[in-house]
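# Coordinate inspection notes
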Amino acid sequence: MRLLLFLVFLVVPVLEIWVLIQVGEVIGGWPTVAILLADSLLGAWIVRREGRRAWRNLQGALQSGRMPDRELADGALIVAGGTLLLTPGFLTDVVGFLFILPFTRPLVRRLGAWFFARRIRTLAQSAAGPGLGSPFGGLGSPFDVMRGQSDPSGRSGASGPVIHGEVVRDEPGGTGGQRGPGGSDRDLTDR
């Protein structure tokens, strides 16, 4: 993942410069700069409008008492898109517009949710180690638990032996000890 990020930060600026040179050769330098300024101004206007809409939707979700997952994702995409639109270049502007336009943002949101769910599953499986199975008690992944799916073997999710015990409560004014199974006086709370 780090190598991918390094390559993105290395390759994207080089591609942006190459595209700017190509566009500048076709239409000229000043028209290229004018287009970059125009799409930045248009992007700023759309970010402002969509940001207000996302804020109102977030407040509505919180007031209705439901989890604002879609609204938070939209807000994050709008901030990321606005940042990309501030970066000079045509490639980042295209991606920025994909993030902020109301008809492309749901597609990007679904793609991001798929990517992060896949990444979390990979991290959960690697955290369990080789041959150890899932770290979530045989349930597969936390996403299976949230969807109400259980282990295909029919287990309830408990793994390992069952340890039986009893609850010992300290009584006010008492000694705190209980008679153990063999009749001896011992404090079961110190185990």
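Each remark here, short or long, concerns the structure printed above.
As the structure is a prediction and not an experimental result, all values here were calculated from the model.

### Overview of the pattern of salt bridges
Under the defined criterion, the tally for this structure stands at 8 salt bridges. E50 is paired through a salt bridge with R49; the nearest N and O atoms lie 2.9 Å apart. With relative accessibility at 0%, the residue E50 sits in the buried group. R70 serves as the salt-bridge partner of D74, at 3.6 Å between the closest nitrogen and oxygen. Highlighted residues: D74 and R70, both in helix 3 (residues 69-86), separated by 4 residues, approximately one helical turn.

### Digging into the packing of aromatic side chains
Counted by the stated rule, this structure contains 1 aromatic pair. Judged by centre distance (5.4 Å) and plane angle (70°), the rings of F115 and F116 are edge-to-face.

### Things to note about the side chain of E71
With respect to the helices, strands and loops of the structure, E71 is situated in helix 3. Reaching out from E71, the side chain makes a polar contact with the side chain of R70 at a distance of 3.3 Å. When sequence neighbours within four positions are dropped, the list of residues in contact with E71 reads N57, L58, A61 and R66.

### A look at helix 1 (residues 2-27)
Here helix 1 is 26 residues long and its end C-alpha atoms lie 37 Å apart, about the 38 Å a rise of 1.5 Å per residue gives. Looking at the residues trailing helix 1, positive phi occurs at G28, about 105°.

Rules behind the numbers
- Residues numbered from 1 in each chain as written.
- Predicted model: local features only at pLDDT ≥ 70, side-chain atom pairs only at ≥ 80, totals over all residues.
- Heavy atoms only, no water.
- Salt bridge = Lys/Arg side-chain N within 4 Å of Asp/Glu carboxyl O.
- Buried < 20%, exposed > 50% of the residue type's maximum accessible area, 1.4 Å probe, protein only.
- Helix = DSSP H or I, 4+ residues; strand = E, 2+ residues; numbered from the N terminus.
- Phe/Tyr/Trp six-rings, centres within 6.5 Å; stacked < 30°, edge-to-face > 60°.
- Polar contact = N/O pair within 3.5 Å; in protein donor to acceptor, adjacent residues only side chain to side chain.
- Contact = heavy atoms within 4.5 Å.
- Expected span 1.5 Å × (residues − 1).

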